[in-house]
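Listed below, chain by chain, are the residues.
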Amino acid sequence: MARMKFICDAERCIECNGCVTACKAEHDVPWGVNRRRVVTLNDGLPGERSVSVACMHCSDAPCMAVCPVDCFYRTDEGVVLHDKDVCIGCGYCSYACPFGAPQFPSNGTFGLRGKMDKCTFCAGGPEANGSPAEFEKYGRNRLSEGKLPACAEMCSTKALLGGDGDVVADIFRNRVLVRGKGSEVWGWGTAYGKPATGGPQQPKPEGKKS
Amino acid sequence: MMRTTALLLTCAALTLVACGEKTAGAAKKADVPAFQGSTGVGAYTASGWKPGDQSAWDQQLRTRAQGQNEYNRTSTQP
């Protein structure tokens, strides 16, 4: 069973915002809502790094824990989704989320907010897969078409990887070994795991501080 | 004594009634797994797998994920 994950390679991200554009175009995301965005650290300074951020589809999602109407659910593939017909737009999830993933379509008087909107890993929502109702509320359902999220597939430098966590980790591990750096960013064992093919775990390369 | 006990039990029962109350909000709808395929435009569905076949869908996504691995196109391996 696949377990869907995103990972963004800060060594490769060039802050082109192609992922943001791909997401907005694919799902017809309205103005003011950014399901994905690129965050840059030390902008303009030597050692500047950018990373593409959206819902990380947490295994122990804080948004699910705090939702007072229990509108969230997790698919068998580990994608955290929500039912907009149940959401009351209270905003608790946005306070709980460490990535700022939950977005709200409007800001009116008295703090009026619409239904929460967030990255769906291109997996739509509880409406029928690929139906107009699903597109209207959640955007395209690419997973049910046998595709991966548009942001990852459109990434020009392949900084943003999306898909089965084991496969993505293998791609990333190979990349880090080839270039000889990058493993120090998150910690080797934690972020990249062991080879899914059962091969011996590669030793940590002598990484230069980037 | 009996009347006091009965009164207390009645009060406790009335107080606890609310604990069993179901929330009045809408219920979440059940989602259809992605491997069942899309009901939308068929042309958008990627070829190479059959909707409804979970193992084929898993394999399709694994294969597609390798499209993100540019080292598949070069001879450079660690």
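Only a predicted model underlies this, so the values are computations on that prediction, with no experimental measurement involved.

Reading the values: rules and limits
Residues numbered from 1 in each chain as written. Chains lettered and ligands numbered in written order. Predicted model: local features only at pLDDT ≥ 70, side-chain atom pairs only at ≥ 80, totals over all residues. Helix = DSSP H or I, 4+ residues; strand = E, 2+ residues; numbered from the N terminus. Buried ≥ 20, exposed ≤ 12 C-beta atoms within 10 Å, placed from the backbone. Contact = placed C-beta atoms within 7 Å. Pairing = 2+ DSSP bridges. Core = buried A, V, L, I, M, F, W, Y, C linked by C-beta atoms within 7 Å.

A closer look at the overall build of chain A
- Along chain A, the regular secondary structure elements total seven helices and six strands.
- Listing every helix and strand of chain A by position from the N terminus yields β-α-β-β-α-β-β-α-α-α-β-α-α.
- Residues classed as buried in chain A amount to 40% of the 210 residues present.
- Residue pairs at least 24 apart in sequence account for 54% of intrachain contacts in chain A once pairs closer than 6 positions are excluded.

Examining the pairing of strand β3 (residues 49–53) of chain A
Residues and elements named next belong to chain A.
- In β3, alternate side chains face the same way, and those of S50 and S52 are buried while those of R49, V51 and V53 on the opposite face are not.
- With five bridges joining them, strand β2 (residues 37–41) and β3 adopt antiparallel strand pairing. What sits directly across from V38, in β3, is S52.

What about the nonpolar core?
- A:F121, A:A123, A:C151, A:A152, A:L160, A:L161 and A:V168 are the most contacted members of the largest nonpolar core, which totals 47 residues.
- When contributions to this core are tallied by element, the ones reaching two or more residues are β1 (4–8), α1 (18–27), β5 (80–82), α5 (150–154), β6 (160–164) and α6 (165–179) of chain A together with α2 (54–65) of chain B.
- Looking at which element gives the most residues to this core, the answer is α6(A), with five residues.

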